[in-house]
Amino acid sequence: MVSVMQPFMDVESSRSYIDELYSPDPQKCLEAIICLKNSVIGSNRQKGSVIAQGVVPRLLQLLSDTSGTVGERIRLESVVTLGSLAKGTDQHVLALIDLGVVPLILQVLLSTQTSPDNDKLSDHLIEACLRCLRTVFQHSSAPVQTIYQDTALVPRLLSLASRSVTCQVCVATILTTACKSADEQNSLMKGGAVETLASQLDSPLPDVQLPALACLANMCYQNRTVSTMVANVTTGKEPTLKPLPALLGCLMGRERSSVVQLEAARCISYMHRAGALSSTDRIVIYRALPCLVRLCHRDRPPRERIAAAETLAYLTEVDIELQRLASISNHLIPTLAELLRPHPQVQDASLAQDMRQAAFRAFASLGANDEDIRKKIIETENLMELVVSGLQDPGGPRVRLAAVRCLHSLSRSVQQLRTTFQDHAVWRPLMQLLHGADKGLEGRDGEEDLLTVASSTLCNLLLEFSPSKEPILESGGVELLCSLTRRPDPALRLNGIWALMNVAFQAEQRVKSQILSCLGTDQIFRLLADSELAVVMKVLGLLRNLLSTKAHIDRIMDEHATQVMQAVILVLEDDHPAEVKEQALCILANVADGDRARDHIMANEDVLKKLMDYMMHTNVKLNIAAIFCVCNLVWREEPGAEQRQARLRELGFYRILQQLRLNKDPQLFDSLGLKPTRLDSGDFISRVKIALAQFLDP
């Protein structure tokens, strides 16, 4: 828990101060605590020594004594000393946490009341407790959830905020660190945090405004309920009451501290993304977005530029108009590109990584939807080289993940896939990244996300018109994608099967055979039973692409007819939505287009019965898909058509088609229970006519 510590003091007489901590004489005890406090200030060595010698439990005991025996001054000096110890190393803070400093201080805050005789000491005690708690809560292992274990604690902390500036700063900071989940956000809202924090924004002191803004931002993040409440709160006094978003807009003014501007913009960004403010709201368009763009500029400190770029990425991530507006604002794209390049004044490697990560994230958001923006990004000097190098960043997965996200956005451009991506051989580092994440790094923090985004990008690079398709397949692409379909993460399974579907589109027979051989029919059945509907749809899409071109259809059905027919029946019999069953019927239509393959349908009574059922289904898209399959079966120019037509007449297919043909009137359509659109209705009747026209006269 605590590393080897140095001796407590450097003089022999020091032991007496330790002994006097346990003295029944309050004055001696107080003097010992003050000596102890002075000895640890600014010295991590002394802090470690004090903790190692077991002094902390005595300080906690003195702090918890409410009997009046030790007096308020001793309690005050005890918590001040604990606060000083908390400013030591991580090990020192962990030691305090393990010894129970957090629940004890919270209990003291809950029970301490200001008395007329001791009001100043009580106020100082409360402030010291809050300062100590704030320091401890900065540690990642702090038990911040403790403040929610007693429902009285949050209201109590909020009530203490009105006592002084120090209390306001400490309470807001404590609540900020304790606000990381939806339950915590909602608990703070119910406890009255929104109103208390809003009132702090009226303070003229940036030191008071800043933690209040940070806490409000954390409360609004991905929480529509809290964000809506914040959007509707007013602050100030009559007659100058002002909606909180308007006050946040004022706090983004250039005359304000840049860190206050940044936190106010973060609040508005989170409120917008949570759905409490629209993308057309003036506070979003004319205050938050320009403020964030401005704070990305080279004249700002690196940390501010990083935070501004990441917040801007989040603000613009899903809205195309915000993306377009940001991309033409204040030379943003070249400004972000500067964050990717080496900065002589930035010697901290971690800081440099954060700068690159923030820039990649911003570019990923800006280029998510608009082709012109992607073109501007890609045409920025040396940017593609920087993106490619980002895929191989040695600093860990976070920069690589951000670079892949950026690449994923840019890969949505058909033109860039054909030109820039090929010129820079983007597929090569992407495949290296995927192979590394898939084989050697499974389970590490961030690697699953990296694999998900990288495989999504690979889906785009494997589109039929992409020049990268062939080299990807030659470097083990099919094997990699098949391995992804076996992953427990549904997003990886989806990406793997989606990419395989792209590979199979208009592919050569050897590629299709490779996919079937590597994936295996057993895995196809497992994927068809997947709990994720999107995975099932893409598996059916893969089968459709595999079963295309007559020669390929016959070859695949010669080898896998039993499994293909079982797969189709499985889908048609299961409780799937209509769009899934439509895909299965389209697979049958493809099979029916094969010279030999169609015999597998004609020989399967169960499949033929299902075709008849779906010809009369209440969903017109299923009708059309079933009739399309029948058309392929009875096409008169194909060998054996006469025998197939006779068999289908015998089963009643011709009679059903005649009935459907007679019911072409929309009112008669309704009488069958069909509810088509006009387009569906026309297509339906057209298909029926085509099918009937193929039948030879009996």
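Residues numbered from 1 in each chain as written. Predicted model: local features only at pLDDT ≥ 70, side-chain atom pairs only at ≥ 80, totals over all residues. Heavy atoms only, no water.

Visitor: It is not clear to me how the overall build of the protein should be interpreted in this structure. Could you clarify?
Guide: Regarding its fold elements, the protein presents 43 helices and 2 strands. Its C-alpha radius of gyration of 34 Å places the protein more than 25% over the 26 Å reference for a compact globule of 698 residues. If one aligns the C-alpha atoms of the protein with their principal axes, the spans along those axes are about 115 × 55 × 50 Å. For the protein, the residues scored as buried account for 56% of the 698 residues in total. Taking all contacts inside the protein whose residues are at least 6 apart in sequence as the whole, residues at least 24 apart take part in 70%. Per element, the accessible surface of the protein, about 30200 Å² overall, is 50% carbon and sulfur. Taken as two groups, the 73 positive and 80 negative side-chain charges of the protein have centres that lie 3 Å from each other. (Helix = DSSP H or I, 4+ residues; strand = E, 2+ residues; numbered from the N terminus. Rg over C-alpha atoms; globule rule 2.2 N^0.38 Å. Buried < 20%, exposed > 50% of the residue type's maximum accessible area, 1.4 Å probe, protein only. Contact = heavy atoms within 4.5 Å. Areas by Shrake-Rupley, 256 points an atom, 1.4 Å probe, with all protein chains shown as cover. Lys, Arg positive; Asp, Glu negative; His and termini not counted. Charge placed at Lys NZ, Arg CZ, Asp CG, Glu CD.)

Visitor: How should the packing of helix 13 (residues 206–220) against helix 16 (residues 258–273) be read in this particular structure?
Guide: Contact geometry of helix 13 with helix 16 gives a least axis separation of 9 Å together with a crossing angle of 20 degrees. Taken together, the axis directions place helix 13 and helix 16 in an arrangement best described as roughly parallel. Helix 13 and helix 16 meet at a crossing whose hand is left-handed. For the pair formed by helix 13 and helix 16, the contact residues are Pro206, Gln209, Leu210, Leu213, Ala214, Leu216, Ala217, Asn218 and Cys220 on the first element and Val259, Val260, Glu263, Ala264, Arg266, Cys267, Tyr270 and Met271 on the second. For the contact of helix 13 with helix 16, the per-class residue count stands at 13 nonpolar, 2 polar and 2 charged. (Axes fitted to C-alpha atoms, helices over the stretch in contact; angles between N-to-C directions. Parallel < 35°, antiparallel > 145°, perpendicular 65-115°, else oblique. Left-handed = near helix turned anticlockwise from the far one by under 90°. Nonpolar A, V, L, I, M, F, W, Y, C, P; charged D, E, K, R; others polar.)

Visitor: Got a minute to help me understand the nonpolar core in this structure?
Guide: Generally speaking, a soluble globular protein has its nonpolar side chains buried in company with each other. If you look at the biggest cluster of nonpolar residues, it comprises 244 residues, and the most contacted ones within it are Leu82, Leu130, Met219, Leu248, Leu588, Ile601 and Leu611. Apart from the residues within four sequence positions on either side, Met219 is in contact with Cys179, Gln185, Leu188, Met189, Ala193, Val194, Leu197 and Val226. (Core = buried A, V, L, I, M, F, W, Y, C linked by side-chain atoms within 4.5 Å.)

Visitor: Explain the packing of helix 4 (residues 56–64) against helix 5 (residues 72–85) to me, please; I cannot follow it from the model alone.
Guide: For any two helices packed against each other, the geometry is given by the interaxial angle and the distance between the axes. Contact geometry of helix 4 with helix 5 gives a least axis separation of 8 Å together with a crossing angle of 140 degrees. When the interaxial angle is binned, helix 4 and helix 5 end up oblique. Between helix 4 and helix 5 lies a crossing of left-handed hand. Together, Val56, Leu59, Leu60, Leu62 and Leu63 of helix 4 and Ile74, Arg75, Ser78, Val79, Thr81, Leu82 and Leu85 of helix 5 make up the contact between the two elements.

Visitor: Sorry, what's going on with the packing of aromatic side chains here?
Guide: Each aromatic ring pair is specified by the distance between its two centres and by the angle formed by the two planes. Across all of its chains, the model carries 4 aromatic pairs by this definition. Cluster of aromatic residues (ring-pair linked, three or more members): Tyr221, Tyr270 and Tyr314. (Phe/Tyr/Trp six-rings, centres within 6.5 Å; stacked < 30°, edge-to-face > 60°.)

Visitor: Any chance you could explain the state of the cysteines here in plain terms?
Guide: One covalent bond between the sulfur atoms of two cysteine residues makes up a disulfide. For the structure on display, the rule yields 0 disulfides. With no disulfide partner, Cys250 has as its closest neighbouring cysteine sulfur the one in Cys291, 13 Å distant. (Disulfide = S-S within 2.5 Å.)

Visitor: How should I be thinking about the environment of Arg305 in this particular structure?
Guide: By secondary structure assignment, the location of Arg305 is in helix 18 (residues 302–316). Its relative accessible area of 3% is what places Arg305 among the buried residues. Along the backbone, Arg305 and Leu251 are 54 residues apart, and their C-alpha atoms lie at a distance of 18 Å. Beyond its immediate chain neighbours, meaning those up to four positions away, Arg305 contacts Leu295, Cys296, His297, Arg298, Arg300, Thr335, Glu338, Leu339 and His343.

Visitor: I would appreciate a short explanation of helix 16 in the present structure.
Guide: Working note: α-helix, 3.6 residues per turn, so residues spaced by three or four point in the same direction. When the terminal C-alpha atoms of helix 16 are compared, their 22 Å separation across 16 residues agrees well with the 22 Å that a helix rising 1.5 Å per residue should span. Of the residues flanking the end of helix 16, it is Gly275, one or two places downstream, whose phi is positive at about 95 degrees. (Expected span 1.5 Å × (residues − 1).)

Visitor: Got a minute to help me understand the pattern of salt bridges in this structure?
Guide: Any two side chains of opposite charge can pair, on the condition that their charged atoms come close. For the structure on display, the rule yields 34 salt bridges. Residues Arg324 and Glu321 are paired through a salt bridge, measuring 3.0 Å at the closest nitrogen-oxygen approach. Of this pair, Arg324 and Glu321 both sit in helix 19 (residues 320–327), 3 residues apart, which is roughly one turn of the helix. Here Asp593 makes a salt bridge to Lys550, at a shortest N to O gap of 3.5 Å. With Asp593 in the loop between helix 36 (578–591) and helix 37 (598–602) and Lys550 in helix 35 (residues 550–573), the pair connects residues that are 43 residues apart, well separated along the chain. Here the salt bridges share partners, and the residues they tie into one network are Lys550, Asp593, Asp595, Arg598 and Glu638. (Salt bridge = Lys/Arg side-chain N within 4 Å of Asp/Glu carboxyl O.)

Visitor: Whenever I open this one, the side chain of Arg374 confuses me. Can you help?
Guide: Structurally, Arg374 can be placed in helix 22 (residues 371–379). Judged by relative accessible area, Arg374 falls into the buried class, the value being 5%. Side chain to side chain, Arg374 and Glu371 meet in a polar contact 3.0 Å long. A polar side-chain atom of Arg374 sits 3.1 Å from the main-chain carbonyl oxygen of Ser409. In this view, Arg374 contacts Gly367, Ala368, Asn369, Ser409, Leu410, Arg412 and Ser413; residues no more than four positions away in its chain are not counted. (Polar contact = N/O pair within 3.5 Å; in protein donor to acceptor, adjacent residues only side chain to side chain.)

Visitor: How should I be thinking about the environment of Leu633 in this particular structure?
Guide: Residue placement: Leu633 occurs in helix 39 (residues 620–634). Sequence separation between Leu633 and Cys586 is 47 residues; the distance between their C-alpha atoms is 13 Å. Apart from the residues within four sequence positions on either side, Leu633 is in contact with Ala592, Arg598, Ile601, Met602, Leu611, Arg644 and Leu648.

Visitor: Would you take a moment to explain the side chain of Thr316 for this structure?
Guide: Within the fold, Thr316 resides in helix 18. Owing to a relative accessible area of 0%, Thr316 belongs among the buried residues under this scheme. Looking at Thr316, its side chain comes within polar contact range of the main-chain oxygen of Leu312, at 2.9 Å. Once you skip the residues sitting within four places of it in the chain, Thr316 turns out to touch Leu289, Leu322, Gln323, Ala326, Ser365 and Leu366.

Visitor: In this structure, what is going on with the confidence of the model for the protein? I would like to understand it.
Guide: Low pLDDT marks stretches whose predicted atomic positions should not be read closely. In the predicted model, the protein carries a mean pLDDT of 89, and the fraction of residues at 70 or more is 92%. This stretch, residues 1–13, has a pLDDT under 50; its non-local contacts, to residues over four places away or in other chains, come to 29 contacts. Taken together, the stretch residues 665–681 has pLDDT below 50 and engages in 27 contacts with residues farther than four places along the chain or on a different chain. (pLDDT = per-residue confidence, 0-100.)

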